[in-house]
Amino acid sequence: LRTCCRVLQSCRVSRFQHAATMIQFDEHGFRRRVEEAVVTLQKLLHSTRRPTFAEDVPNHSYQDKYLLAEFLTNCGLAAQCTCLEALGVGTQQLATLVEWSASETVTLRLAGRQRCTFLREEEREVESKAKVVKESTIFGKSEQKVVTRVNEWFWKIDVEWELVAYAGTMGGPRQLRLQGRSGSAQLKTTTSATPEPAGQVEFIPTEVPITWLLQQVKLPGGLVGAAHVLSFKIDRDAEGCRTPRRNPQVEAALHAARELCAWSKRVCQFMNQRIFSKAERCAKVQAHTGRGFLALIASTHQPSELFVPVLPLFEARPAEEEADAAGGDGDGGDGDGTLVSVTAAAAEAASTPVLRIGDINAMLAEQRRALEAKWATLADACPPADDGSLLSPVELKLSIAVKHLDDCCSQLSQGVDYIEAMLKKQLLDAVGRLVTPADFQRYMDFHGQRLFKPEYAPKPFCFAVRRPDHYPEGTLTIEHLSPDRSRGAIHTSGAIHTICRRVAEPVAPMSFALDAATRVSFTGERFVHAYLAHQFGDPPSPPPSPPPPNWRSPPAPCTSSGASVLMLGARARQFSSFMLLLGRMGPAGTFEQKHALILQNKDAVDIPLMLEALPSATEFRDAISSLSPEQQRFAKAYRAMQLEGSVFGILVIQLKPQLEALLKLPHDALTKEIALTQQLLDLFIQYQIPSDLLTYAGPAAASPEEKLEAVRGHVAAIYKMVEAAKEGELHAARQQAMMEQPFHEYAESFGDTSAGFSLFQCGDASAMSASPPDSPPRRNARSIQRTASSASAAPPPRHSAVQMPVAACAAGGMEGSSNILMGGGFGASFPAP
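As the structure is a computational prediction, the values presented were derived from the model and not from experiment.

K.L.:
Residues and numbers for the overall build of the protein chain, please.
P.N.:
What the protein chain contains, in helices and strands, is 20 helices and 25 strands. Of all 833 residues assigned to the protein chain, the portion counted as buried reaches 39%. About 46200 Å² of surface is accessible on the protein chain, with carbon and sulfur atoms providing 55% of the total.

Structure representation (structure tokens):
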């Protein structure tokens with residue numbers, strides 16, 4: 001069992017952590033960006049070197065994937081530090097921040113404020129382009145133009161912003177200003193309303209913690225003035241380490257990158273709304289710099305072409321070159337000029353296809369060179385930063401730097417996801433198919449058969465409901481229902497495998513309650529099952545919906561978690577019946593039933609089992625460790641109740657033996673009495689007839705045939721009484737309907753449209769045709785093809801009571817008779833048919 005649990009633990013897939021990554025892995029876009037970066041990388045390396053995608057290098061080991069993940073993370077962290085350098089973090093500032101991060105949280109904060117001030121109002125005349133020409137015989141031609149007076153209001157917008165890094169809380173002694181600037185611009189409007197809120201307005205600051213990133217930066221040997229180095233490592237022996245992508249160290253790196261990525265987007269939005277949008281409006285007024293301003297602002301919104309040094313590359317080295325690799329760091333040197341460098345063990349760099357440490361420093365140097373070239377372009381195209389204008393190279397540099405920081409963080413996330421995708425592809429190539437939860441369940445069932453002895457091996461939960469030496473009454477199973485995401489449906493994966501123990505008879509009786517005053521004791525065969533469920537580690541799914549009204553319909557498809565659902569299936573054969581009770585095992589040998597149903601005559605039901613997972617012992621202990629003693633005692637007592645009442649129970653009661661015992665019939669007396677058994681079930685279930693009216697009460701020494709005949713006679717008598725009661729209720733209902741609606745069609749009132757009639761149509765055709773001319777008119781008359789069996793041929797007198805048999809008119813007839821006095825002295829008597 002421990003072996004199974006260990007296999008399950010090693011195969012568990014934590015897709016919940018994978019789903020929490022920054023962005024979804026885009027293989028096509030990622031490959032395109034890497035291929036473009038490789039072109040630049042080839043210019044930095046020796047002409048004989050050919051780095052390529054990791055999956056294209058054969059015969060690399062699983063540990064090489066860990067080294068590749070460390071390589072990518074170190075490159076990503078170094079690229080982030082280069083972006084911080086562009087934001088104003090120099091060597092001395094980095095040393096200060098690293099020192100602060102050892103004891104406090106270090107945060108980057110961008111804040112700002114603006115003030116809108118009214119300058120002046122001007123009025124100018126605008127001539128219309130159209131001319132009005134007038135001709136006169138005396139004065140000749142004259143031209144006139146329309147001149148419009150336009151009022152314009154001028155406003156001054158002052159914007160100030162600063163980027164600071166602080167330790168602990170804002171306003172404390174440990175605060176470092178990285179950069180900042182203030183500028184102003186003049187806006188022109190055609191209305192007197194202020195274009196921005198009047199007075200000084202403080203912008204909402206945006207912050208991001210960088211403590212984890214700073215904690216990865218170290219000084220080698222503690223030497224002051226030496227270059228800062230990065231040495232990210234993955235602890236392969238940690239409990240949470242699953243793959244090169246799914247481990248605590250990489251998760252921490254991705255979490256920090258996620259926060260930096262979100263902060264970069266907020267900073268870009270801050271610059272666009274607070275500075276660039278105002279600069280565009282001012283650029284339309286300032287014609288001498290407007291075109292250049294608009295072009296520079298538009299360049300900040302375009303995709304970045306800067307080199308990102310985060311590349312998942314391997315390099316196939318011949319055996320004779322490995323010794324040379326051990327003696328050097330690559331083609332990039334030791335990373336002089338960069339803010340940070342990367343170090344690693346020389347043995348790892350020599351024996352693996354991962355790029356050398358010097359190559360990382362060469363890529364970092366190329367990244368820094370590309371950024372400096374970009375800054376030079378901005379300085380040539382923008383006015384200087386000290387001229388007081390709203391837009392300067394400082395703002396553009398900040399916007400491009402944070403956008404490049406976003407690209408570096410996204411590339412790091414995509415890179416480690418590429419390693420995970422490569423692992424998945426290789427596993428699929430080895431297995432030959434995508435392993436689903438149903439496949440994994442079959443895998444565990446197969447190995448369970450090999451692990452356990454035959455008498456203890458898990459067996460399918462499928463049982464026949466039967467008595468000894470009798471044909472089965474039905475079947476009972478618990479099956480897997482696994483989702484098919486490709487088709488949006490579910491399919492059955494077969495019966496679950498359980499470790500089963502049969503408790504042989506005789507056993508102590510158990511009982512369940514029918515109501516508060518009645519308990520039923522039972523014995524019989526008992527089976528104890530242990531089921532070990534396996535599923536992939538998905539996000540918690542919402543609780544399943546209740547079963548649909550039609551229990552034979554399949555349940556709704558499973559959620560996206562992919563976990564299988566258990567389905568209890570019960571089937572009854574023809575001319576068979578049994579009772580199924582579902583509930584929990586209670587204390588003191590009791591069964592607490594929650595649901596019950598009777599299955600008979602090929603009934604089939606599928607019941608979804610809504611299971612709940614209880615906290616493990618360790619989770620429970622950790623959860624109550626900080627509670628008060630009273631709360632701990634209550635939690636322990638409640639958990640004990642949960643554990644004792646969490647065992648799911650199924651009770652099957654065969655009805656024929658119980659009917660034989662109830663009616664005092666011999667054993668197997670009802671086995672071949674199919675009609676009698678169905679009648680008994682109908683009387684007990686539908687009409688709730690007391691059993692005393694059907695029980696055999698004669699001599700105990702009578703033969704089985706005599707006892708059956710006596711019971712059969714009781715059943716016939718009860719059925720006769722039931723039929724008489726039905727006729728009486730039907731007669732009363734018809735009389736009530738005739739009283740309430742005497743002129744309506746009684747057949748339609750009872751739902752029989754083929755026998756519709758009215759009171760003026762009762763009797764035969766001759767009687768109806770001989771009615772006096774002043775008789776009441778026919779209402780809703782409908783021709784009837786029926787003839788009364790005893791109708792009178794002669795028409796009755798007008799003012800005398802007439803007995804009219806209506807057995808042929810009414811649908812089904814009535815018992816008894818009644819006289820109804822109608823208007824105009826017309827009477828009718830309704831005798832019993």
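K.L.:
Tell me about the confidence of the model for the protein chain, and name the residues and values.
P.N.:
For the protein chain, per-residue confidence averages 78 on the pLDDT scale, and residues scoring 70 or more make up 74% of the total. The least confident element of the protein chain, judged by mean pLDDT, is strand S24 (residues 819-821) at 33; the most confident is strand S6 (residues 206-209) at 95. Every residue in residues 749-833 is under pLDDT 50, and counting partners more than four places away or in other chains gives 113 contacts.

K.L.:
Got a sec to walk through the pattern of salt bridges? Specific residues and values, please.
P.N.:
Tallying each qualifying case throughout the model produces 36 salt bridges. Across the pair Arg31 and Glu55 runs a salt bridge, and its minimum N-O distance is 2.6 Å. Within this pair, whereas Arg31 is found in helix H3 (residues 27-44), its partner Glu55 is found in the loop between strand S1 (52-53) and helix H4 (62-86), the two being separated by 24 residues in sequence. On the basis of relative accessible area, Glu55 is assigned to the partly exposed category, the value being 29%.

K.L.:
Account for a nonpolar patch on the surface, with residues named and values stated.
P.N.:
Judged by side-chain polarity, Leu427, Val431 and Val435 come together as a nonpolar surface patch covering roughly 250 Å² of accessible area. Mapped onto the secondary structure, Leu427 falls in helix H12 (residues 393-431). Of the residues examined, Leu427 reaches a relative accessible area of 53% and is grouped as exposed.

K.L.:
Tell me about the sheet that holds strand S11 (residues 459-460), and name the residues and values.
P.N.:
Spatial ordering of the open sheet is given by S11-S15-S18, a layout of 3 strands whose pairing is antiparallel. The open sheet is flanked by S11 and strand S18 (526-530), the only strands paired with a single partner. Inspection of the sheet shows S11 paired to strand S15 (residues 497-503) by 2 bridges, in the antiparallel sense. By the bridge assignment for S15, Lys459 is matched with Thr498.

K.L.:
I'd like a description of the packing of helix H14 (residues 617-624) against helix H15 (residues 629-644), backed by residues and values.
P.N.:
At a closest axis distance of 10 Å, the pairing of H14 and H15 adopts a crossing angle of 155 degrees. Between H14 and H15, the interaxial angle falls into the category roughly antiparallel. Taken as a pair, H14 and H15 cross one another with a handedness that is right-handed. Within the contact between the two elements, H14 uses Ala617, Phe620 and Ile624 and H15 uses Gln632, Ala635, Lys636 and Arg639. Among the residues forming the contact of H14 with H15, the class breakdown is 4 nonpolar, 1 polar and 2 charged.

K.L.:
Can you break down the side chain of Thr498 residue by residue, with the values?
P.N.:
On the secondary structure map, Thr498 appears in strand S15. Within the structure, Thr498 has its side chain in polar contact with the side chain of His529 (distance 3.1 Å). The residues touching Thr498, leaving out its near neighbours within four places in the chain, are Ala457, Pro458, Lys459, Phe461, His529, Ala530 and Tyr531.

K.L.:
Before we move on, can you summarise the environment of Lys188 with the specific residues and values?
P.N.:
Structurally, Lys188 can be placed in strand S4 (residues 175-189). Each C-alpha atom, one on Lys188 and one on Trp155, is 6.3 Å from the other, the two residues being 33 residues apart in sequence. When residues no more than four places from it in sequence are discounted, the contact partners of Lys188 are Glu152, Trp153 and Phe154.

K.L.:
Help me get a handle on the pairing of S15, residues and values and all.
P.N.:
The pairing of S15 with S18 spans 5 bridges and is antiparallel. Across the sheet, residue Val503 finds its bridge partner in S18, namely Arg526.

K.L.:
Describe the nonpolar core, naming the residues involved and giving the relevant values.
P.N.:
Grouped together as the largest cluster of nonpolar side chains are 104 residues, with contacts concentrated most on Phe71 and Trp263. Beyond its immediate stretch of four places on either side in the chain, Phe71 contacts Leu311, Val354, Leu355, Ile360 and Met363. Membership of the second largest hydrophobic core comes to 20 residues, among which are Leu681, Tyr696, Ala702 and Val722.

K.L.:
Which residues make up the sheet that holds strand S10 (residues 340-342), and what values go with them?
P.N.:
As summarised here, the arrangement of the 3 strands in space is S7-S8-S10, forming an open sheet in which the pairing is mixed. Two strands close off the open sheet at either side, each with one partner strand: strand S7 (217-218) and S10. With 3 bridges connecting them, strand S8 (residues 228-230) and S10 associate as parallel partners. Considered in S10, the bridge of His228 is made with Val340. Packing against the sheet, helix H5 (residues 91-101) makes contact with S7, S8 and S10, and its axis sits at approximately 60 degrees to S8.

Rules of the game
- Residues numbered from 1 in each chain as written.
- Predicted model: local features only at pLDDT ≥ 70, side-chain atom pairs only at ≥ 80, totals over all residues.
- Heavy atoms only, no water.
- Helix = DSSP H or I, 4+ residues; strand = E, 2+ residues; numbered from the N terminus.
- Buried < 20%, exposed > 50% of the residue type's maximum accessible area, 1.4 Å probe, protein only.
- Areas by Shrake-Rupley, 256 points an atom, 1.4 Å probe, with all protein chains shown as cover.
- pLDDT = per-residue confidence, 0-100.
- Contact = heavy atoms within 4.5 Å.
- Salt bridge = Lys/Arg side-chain N within 4 Å of Asp/Glu carboxyl O.
- Patch = residues over 30% accessible without salt bridge, like charges linked within 9 Å, V, L, I, M, F, W, Y side chains within 5 Å.
- Pairing = 2+ DSSP bridges.
- Axes fitted to C-alpha atoms, helices over the stretch in contact; angles between N-to-C directions.
- Parallel < 35°, antiparallel > 145°, perpendicular 65-115°, else oblique.
- Left-handed = near helix turned anticlockwise from the far one by under 90°.
- Nonpolar A, V, L, I, M, F, W, Y, C, P; charged D, E, K, R; others polar.
- Polar contact = N/O pair within 3.5 Å; in protein donor to acceptor, adjacent residues only side chain to side chain.
- Core = buried A, V, L, I, M, F, W, Y, C linked by side-chain atoms within 4.5 Å.

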